[in-house]
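As a plain string of letters, each chain reads:
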Amino acid sequence: MIAIETLTLRDIQPSQFYISAEKMRKISLWFDGKAMDKFQPIPIKILDGIPVITDGHTRVVYAIQQGLENVPMQWDEDNLNWEMYRKCVEACRKRGITSPYDLSDRIVSAEEYVRKWDAWCDALHRGILE
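Keep in mind that what you see is a predicted model, and the values were worked out from it rather than measured.

A. Broad picture of the nonpolar core. L9, I42, I44, V71 and M73 are the most contacted members of the largest nonpolar core, which totals 32 residues. When contributions to this core are tallied by element, the ones reaching two or more residues are α1 (21–28), β2 (42–47), α2 (57–65), α3 (82–94) and α4 (110–129). Broken down by element, this core gets its largest block of residues, five residues, from α2. Setting aside residues no more than four positions away along its own chain, L9 makes contact with V60, I64, L68, E69, N70, V71, M73, S99, P100 and Y101. Counting residues in hydrophobic clusters, the runner-up holds five residues, among them L47, V52, L80 and Y85.

B. Quick look at the pattern of salt bridges. In total, this model carries five salt bridges according to the counting rule given. The shortest N-O distance in the salt bridge between E90 and K94 comes to 3.5 Å. With E90 and K94 both in helix α3, this residue pair falls four residues apart, about one helical turn.

C. Structural detail: unusual backbone geometry. Of note in this structure, D48 is not a glycine but carries a positive phi near 55°. Within the secondary structure, D48 is located in the loop between β2 and β3 (50–53). We classify D48 as exposed; its relative accessible area is 57%.

D. Local environment of the sheet that holds β2. Across the sheet, three strands lie side by side as β3-β2-β4; this open sheet has mixed pairing. Strand pairing shows two members of the sheet lacking a second neighbour, β3 and β4 (73–75), which therefore form its edges. Between one strand axis and the next, the sheet turns by 40° as a mean value, whatever way the strands run. Sheet topology places β2 next to β4; three bridges connect them, and they run parallel. Directly across from I44, in β4, lies its bridge partner W75. Relative to β2, α3 is tilted by about 95°, and along the sheet it contacts β2 and β3.

So, how was this worked out
- Residues numbered from 1 in each chain as written.
- Predicted model: local features only at pLDDT ≥ 70, side-chain atom pairs only at ≥ 80, totals over all residues.
- Heavy atoms only, no water.
- Core = buried A, V, L, I, M, F, W, Y, C linked by side-chain atoms within 4.5 Å.
- Buried < 20%, exposed > 50% of the residue type's maximum accessible area, 1.4 Å probe, protein only.
- Helix = DSSP H or I, 4+ residues; strand = E, 2+ residues; numbered from the N terminus.
- Contact = heavy atoms within 4.5 Å.
- Salt bridge = Lys/Arg side-chain N within 4 Å of Asp/Glu carboxyl O.
- Pairing = 2+ DSSP bridges.
- Axes fitted to C-alpha atoms, helices over the stretch in contact; angles between N-to-C directions.

All quantities given are derived from atomic positions and should not be read as evidence of function.
The following block contains the structure:
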């Protein structure tokens, strides 16, 4: 098992390929890179041998923009839909997204986020369940 304390932001694979500018704005209201007490740890799962972000992509990208290379992380204990996450990771990799650093040029408006990311997830979810 990978030791989570050894992971940096470059080591973790995103499972989404758009970031909401509105969510980034909200994070800017509370984020303090010197005092990470308000920063909820980023949940990570090992999927096919790769550490994957299961939530918190926006916080990670904001932290990168603030010059951080590490943030608190923890193993995600939730029972997730692995098939869905595999498809999300595969879609990220097809788009050249292999670390959160690759998301910095994929920040879109709240409306675009809903249209591009939420709609893609909804379509994926319907395809897996049907």
